[in-house]
Amino acid sequence: MIGNKNEGLSITLGFPDGDDYDNKKKQSVYRIWKRLSSLQRSLIFLVLLLCGISAIYIFPNLRQSHTTNTDQVDTAIRDEKDSIQKLVIKKDKEKADFIASLKRKHAKHQIDDLMNHPLKTVDNDFKVEQKENSAVYDYFSPYRKHSSRQTAVIDAFKMSWSAYKKYAWGHDEFHPISKTHSEWFQLGLTIVDGIDTAIIMGLKTEYEDARTWIQNDLVFTHDRDVNLFETTIRILGGLLSAFHLTKDNVFKEKATDIGNRMLPCFNSPSKVPYSDINLLTGKAHAPRWGPDSSTSEVTTIQLEFRDLSRITGDKKYEKAVDTVSNHVHNLPKKNGLVPIFINANTGHFRNSATITLGARGDSYYEYLLKQWLQTGKTNSMYKDDYKEAVDGMRSQLVRQSEPNKLTYIGELLGGRSFSPKMDHLVCFLPGTLALGYINGMPEEHMDLAKEMMRTCYEMYNKMPTKLSPEIVFFNQAKKSKDDLFVKPADSHNLLRPETVESLFYLHRITGDKIYQDWGWQIFQAFLKYTKVEGAGFSSINNVRSIGNPGFRDKLESFFLAETLKYFYLLFEDSIDYLSLDKYVFNTEGHALPIYSQ
Ligand code: DMJ
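Residues numbered from 1 in each chain as written. Predicted model: local features only at pLDDT ≥ 70, side-chain atom pairs only at ≥ 80, totals over all residues. Heavy atoms only, no water.

Visitor: Can you tell me about the pattern of salt bridges, naming the residues and giving the values?
Guide: Tallying each qualifying case throughout the model produces 27 salt bridges. Of the charged contacts in the structure, one is a salt bridge between Lys 204 and Glu 208, with a shortest N-O distance of 3.3 Å. Highlighted residues: Lys 204 and Glu 208, both in helix H12 (residues 204-217), separated by four residues, approximately one helical turn. Classification of Glu 208 as partly exposed rests on a relative accessible area of 38%. Here Glu 411 and Lys 421 are joined by a salt bridge, their closest N and O atoms 3.0 Å apart. Here Lys 421 lies in strand E12 (residues 421-423) and Glu 411 lies in strand E10 (residues 411-413), a separation of 10 residues in the sequence. Considered together, Glu 411 and Lys 421 belong to a single accessibility category, that of buried residues. (Salt bridge = Lys/Arg side-chain N within 4 Å of Asp/Glu carboxyl O. Helix = DSSP H or I, 4+ residues; strand = E, 2+ residues; numbered from the N terminus. Buried < 20%, exposed > 50% of the residue type's maximum accessible area, 1.4 Å probe, protein only.)

Visitor: Tell me what's going on with the confidence of the model for the protein chain, and back it up with residues and numbers.
Guide: This prediction gives the protein chain a mean pLDDT of 87; 80% of its residues lie at or above 70. Residue range residues 58-78 is modelled with pLDDT below 50. Its contacts to residues more than four positions away, or to other chains, number 24 contacts. Contacts of residues 113-134 to residues separated by more than four positions or lying in other chains number 36 contacts, the stretch itself having pLDDT below 50. (pLDDT = per-residue confidence, 0-100. Contact = heavy atoms within 4.5 Å.)

Visitor: So what's going on with the packing of aromatic side chains? Residues and values would help.
Guide: Tallied over the full model, the rule gives 30 aromatic pairs. Taken together, the ring pairs connect Trp 520, Phe 523, Phe 526, Phe 537, Phe 559, Phe 567 and Phe 571 into an aromatic cluster. Here the guanidinium or amino end of Lys 179 rests over the ring plane of Tyr 167, the centre of that ring lying 5.9 Å away. Cation over ring: Lys 487 sits above Phe 473, and NZ or CZ is 4.1 Å from the ring centre. (Phe/Tyr/Trp six-rings, centres within 6.5 Å; stacked < 30°, edge-to-face > 60°. Lys NZ or Arg CZ within 6 Å of the ring centre and 35° of its normal.)

Visitor: Let's hear about the site of the ligand: which residues, and what values?
Guide: Around the ligand, the neighbouring residues are Ile 233, Arg 234, Leu 425, Arg 496, Pro 497, Glu 498, Phe 558, Glu 562, Thr 587 and Glu 588. At a separation of 3.5 Å, an oxygen atom of the ligand approaches a polar side-chain atom of Arg 234. A distance of 2.6 Å is found between an oxygen atom of the ligand and a side-chain nitrogen or oxygen belonging to Glu 498. For the ligand, the protein covers 91% of the area, taking 290 Å² as the surface of the free molecule. Listed by contribution, the elements that provide at least two residues to the shell around the ligand are helix H13 (228-246) and helix H24 (557-570). Tallied by class, residues from the shell around the ligand come to four nonpolar, one polar and five charged. (Near = heavy atom within 4 Å. Polar contact = N/O pair within 3.5 Å; in protein donor to acceptor, adjacent residues only side chain to side chain. Areas by Shrake-Rupley, 256 points an atom, 1.4 Å probe, with all protein chains shown as cover. Nonpolar A, V, L, I, M, F, W, Y, C, P; charged D, E, K, R; others polar.)

Visitor: Describe in detail the nonpolar core, supporting the description with residues and values.
Guide: The biggest cluster of nonpolar side chains holds 153 residues, and the ones touching the most others in it are Ile 214, Leu 239, Phe 266, Phe 305, Met 393, Met 422 and Leu 564. The greatest single-element share of this core, amounting to 10 residues, is contributed by H13. (Core = buried A, V, L, I, M, F, W, Y, C linked by side-chain atoms within 4.5 Å.)

Visitor: Any chance you could break down the environment of Ser 270 for me, citing the residues and the numbers?
Guide: Residue position: Ser 270 is located in the loop between helix H14 (249-262) and strand E4 (276-278). On the basis of relative accessibility, which here comes to 14%, the residue Ser 270 falls in the buried class. Along the backbone, Ser 270 and Asn 343 are 73 residues apart, and their C-alpha atoms lie at a distance of 8.6 Å. With sequence-adjacent residues up to four places away left out, Ser 270 is seen in contact with His 327, Asn 343, Ala 344, Asn 345, Thr 346 and Gly 347. At a separation of 2.5 Å, a polar atom in the side chain of Ser 270 contacts the main-chain carbonyl oxygen of Ala 344.

Visitor: Summarise H14; cite the residues concerned and give the values.
Guide: Within an α-helix, residues lying three or four positions from one another point in the same direction, as the helix has 3.6 residues per turn. In this model H14 runs 20 Å from its N-terminal to its C-terminal C-alpha over 14 residues, within 8% of the 20 Å that 1.5 Å per residue would give. Of the positions making up H14, those classed as buried are Val 250, Phe 251, Lys 254, Ala 255, Thr 256, Ile 258, Gly 259 and Met 262. Buried residues belonging to H14 abut helix H11 (189-200), H12, H13, E4, helix H16 (302-312) and helix H17 (316-330). Residue Asp 248 occupies the N-cap position of H14, its side-chain oxygen lying 3.0 Å from the main-chain nitrogen of Val 250. (Expected span 1.5 Å × (residues − 1).)

Visitor: Let's hear about the state of the cysteines: which residues, and what values?
Guide: The tally for this structure, following the rule as stated, stands at one disulfide. Disulfide partner of Cys 427: Cys 456, at an S-S distance of 2.1 Å. Sign of the S-S torsion, about -95 degrees for the bond between Cys 427 and Cys 456, identifies this disulfide as left-handed. Of this pair, Cys 427 sits in the loop between E12 and helix H20 (429-438) while Cys 456 sits in helix H21 (residues 443-461), placing them 29 residues apart in sequence. The exposure class assigned to Cys 456 is buried, which follows from its relative accessible area of 0%. (Disulfide = S-S within 2.5 Å.)

Visitor: Any details on H12? Residues and values, ideally.
Guide: Between its first and last C-alpha atoms H12 spans 19 Å; for 14 residues at 1.5 Å apiece the expected length is 20 Å, and the two agree. Buried positions along H12 lie against helix H10 (148-168), H11, H13 and H14.

Visitor: Outline the packing of H10 against H11, listing residues and values.
Guide: Two elements in contact, H10 and H11, have axes separated by 12 Å at closest approach and are oriented at 150 degrees. Taken together, the axis directions place H10 and H11 in an arrangement best described as roughly antiparallel. Note on packing geometry: the crossing formed by H10 with H11 is left-handed. Contacts between H10 and H11 pair Phe 157, Trp 161 and Tyr 164 from the former with Thr 190, Ile 191, Gly 194, Thr 197 and Ala 198 from the latter. The class makeup of the residues in the contact of H10 with H11 is five nonpolar, three polar and no charged. (Axes fitted to C-alpha atoms, helices over the stretch in contact; angles between N-to-C directions. Parallel < 35°, antiparallel > 145°, perpendicular 65-115°, else oblique. Left-handed = near helix turned anticlockwise from the far one by under 90°.)

Visitor: A description of the environment of Met 381 should follow, citing residues and the corresponding values.
Guide: Mapping Met 381 onto the fold places it in helix H19 (residues 380-397). For the pair formed by Met 381 and Ser 325, sequence separation is 56 residues and the distance between their alpha carbons is 9.5 Å. With residues near it in sequence (within four places) discarded, Met 381 still touches Ser 325, Asn 326 and His 329.

Visitor: Residue-level account of unusual backbone geometry, with values.
Guide: Cis geometry is found at the peptide bond from Glu 402 to Pro 403, where omega equals 5 degrees. Checked against the element boundaries, Pro 403 lands in the loop between strand E8 (398-400) and strand E9 (407-409). Even without glycine at this site, Gln 186 takes up a positive phi of about 60 degrees. Within the secondary structure, Gln 186 is located in the loop between strand E2 (180-182) and H11.

Visitor: Report on the sheet that holds strand E13 (residues 471-474), specifying residues and quantitative values.
Guide: Strand order in the open sheet made by the three strands is E12-E13-E14, with antiparallel pairing throughout. This sheet does not close on itself; its edge strands, each paired only once, are E12 and strand E14 (484-485). Alignment of E12 against E13, held across three bridges, turns out to be antiparallel. By the bridge assignment, Asp 423 is partnered in E13 with Ile 471. Packed onto the sheet, H21 meets E12, E13 and E14 and runs at close to 80 degrees relative to E12. (Pairing = 2+ DSSP bridges.)

Encoded structure:
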């Protein structure tokens, strides 16, 4: 009993004593309540309130459901609560689809809140299943289904691959008009760059041909210079991705061999790597055309060398590239933006160099985000530098064209004067921004991603061939007739992937089918203007001429490694296929696993 006066309370709560209690015990609680003074009622209220609050803190589950249901879950998440309860009785497929739709609608931190909701035990089980299943995936399963758009992309890949096999097998690059081939690094570039696309599309024969060639014929002993960046992203990246997708040690051994041979690049006075190396002699040097390395090149090798360390257990590769990252991190920048040249001897930026998100600058920014993701978001240096750089882009480089206000990213020539020029290469940015957003970056990054995505699409849509030129200039004058113009020297199309890559991310992250439709339009244009009868695809000279686009007689290896891979993934509706929670794609479209640190 509360407040028994025998226990020494100075204020009694006025419950009736012994006999009186017996006599009255049949009275209703209500009548007793009515007899209490208002002070007594207030005290009872207070005691009950204190009991309630303590219970919430004593029982964590109770507290969790309280806070989750009210304060911490935003309105959007609360709306989903009823559906979540229904999940308990739904089948796995429906659960997966439901979670997929949530992931498209909400940012990562919101999903995390949702997953921690007490009602979500079923979905937590699903997460575990996903993890277990991803250990071995049968890419070549005869039961795999492709949509009709994916089948069209697979056909394009097979056309190109079989022509390359017929006329250029084992050589770096294929020339589909003359049906000849050429060497860049003498490393079977098209095979090694393209093999993981064959895996991802489930093409067993193409994969096995490539694997056999890699096992028997891929050697790194030619007396020849290779470019560290290109060899890393295409050859090392291709081998690592093939290893992760198949767990076949052939790829790991080859990756280790080429990794070792490229290490002497890092023996410069500053430890910033030289751009080129002879794989036979191990002699590294600056490019033939100038004293400096490209900034994007020395900062776009980290995902691959780190991954090599993780799979071999040998820390030396990761150590070499971490030294470069730390060094670049400590260099002075302009609002987080970097000049495009850096000297391997002094370790300094060339301060008069242009700042751009295009050639020689682009993937510096991409790898800041992706390194943060690859290392399980444990190294905030990458995140902070990335955020600062995006703020810098927004304050220094983002403009809108006239008359239709297309958002674009210009350049700072000499690090200072603004130019409304944008390379097609910049179109990787919407995808990277969206990837950052679902990993907790601010909402305005996603807004910029969507605006930039439209601009990149318009770079295709506004051309007579519906294919983008290599470079565009945006109009800034109020009375301009059109938003952009193309100089004759910039009107070629090299079958580049960046826009398709970003469409893939935007579709995967938002679920908006408009991105698939834009991609399909672009794919049709590739079929119409770049297809060579009986020989796959070729880059073209002039996207402004439907009558005479003019073949350039070259199939770039990134068309198979990236462009067609991203088309295929854009038309994939399951967000769990090569989940962005588990894989990070290197700048050449090769899938590398995300580690916990
Ligand atoms: C590819 O080699 C890579 O995507 C790189 O980051 C930029 N250039 C080509 C594709 O355009």
